[in-house]
Amino acid sequence: MSGNITFTMIKPKAIADGNMGNIIAKITQGGFNIKALKLTRLTKDQARKFYAVHSERPFFEGLVSFMSSGPIVAAILEKEDAVLNYRNYIGATNPADAAAGSIRALYGTSIEANAVHGSDSDENAVNEGAFFFSEFERF
Ligand code: IDP
Ligand code: MG
């Protein structure tokens, strides 16, 4: 059975471009209920920890620099089958491949600066939410 919680971040470039409000509106228009939300900023160490699964990838250090380059929004979202529904709603990793109308197609500007993060499993959703919101417990 699939869970009803996912975790998202609005990435620094989308915020710098002035699209924080547009993306939050788009999330709620998609039927995702915002359970927790904050504007914050990652240190490089926090970004390394969040993206640790990608530490061997060639883009890792660039991603860490990018994700700590400015404010982000972190949020926990609720909807039935939240992880899969949100992954579909945001579109493919590369905005150039993302479906028309998806968040990444609308607001992403490169494969790195692809506007938003979306959890890829129920377990990661809970753990990523707990990374930012102490009231949510890890698995
Ligand atoms: P996802 O965010 O769609 O799940 P992942 O493969 O988990 O994609 O990659 C995590 C993040 O790393 C992406 O959202 C993007 O910001 C960045 N990224 C992925 N692939 C590349 C790349 O080839 N070059 C630069 N950055 C990348
Ligand atoms: Mg991923």
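Residues numbered from 1 in each chain as written. Chains lettered and ligands numbered in written order. Predicted model: local features only at pLDDT ≥ 70, side-chain atom pairs only at ≥ 80, totals over all residues. Heavy atoms only, no water.

J.: Describe the environment of E135, listing the residues and the values that go with them.
T.: Mapped onto the elements of the fold, E135 is located in the segment after α7 (122-132). A residue is classified by how much of its surface remains accessible, and E135, at 57% relative accessible area, is exposed. (Helix = DSSP H or I, 4+ residues; strand = E, 2+ residues; numbered from the N terminus. Buried < 20%, exposed > 50% of the residue type's maximum accessible area, 1.4 Å probe, protein only.)

J.: Can you lay out unusual backbone geometry for me, pointing to particular residues and giving the numbers?
T.: In this structure, D81 takes a positive phi of about 50° despite not being glycine. With respect to the helices and strands, the residue D81 is situated in the loop between β3 (72-78) and α5 (82-90). Judged by relative accessible area, D81 falls into the partly exposed class, the value being 30%. The phi torsion at A115 lies on the positive side, around 75°, for a residue other than glycine. Here A115 lies in the loop between α6 (103-107) and β4 (116-118).

J.: Would you mind going over the sheet that holds β4 in detail, with residue names and values included?
T.: What holds strands together in a sheet is hydrogen bonding between their backbones, with the strands either parallel or antiparallel. Pairing within the open sheet is antiparallel, and its four strands lie in the order β2-β3-β1-β4. The sheet is open, and its two edges are formed by β2 (33-40) and β4, each paired on a single side. The average angle at which neighbouring strand axes cross in this sheet is 15°, direction not considered. Examined bridge by bridge, strand β1 (residues 5-10) and β4 share three bridges and lie antiparallel to one another. Looking at the pairing, M9 lines up with H117 of β4. (Pairing = 2+ DSSP bridges. Axes fitted to C-alpha atoms, helices over the stretch in contact; angles between N-to-C directions.)

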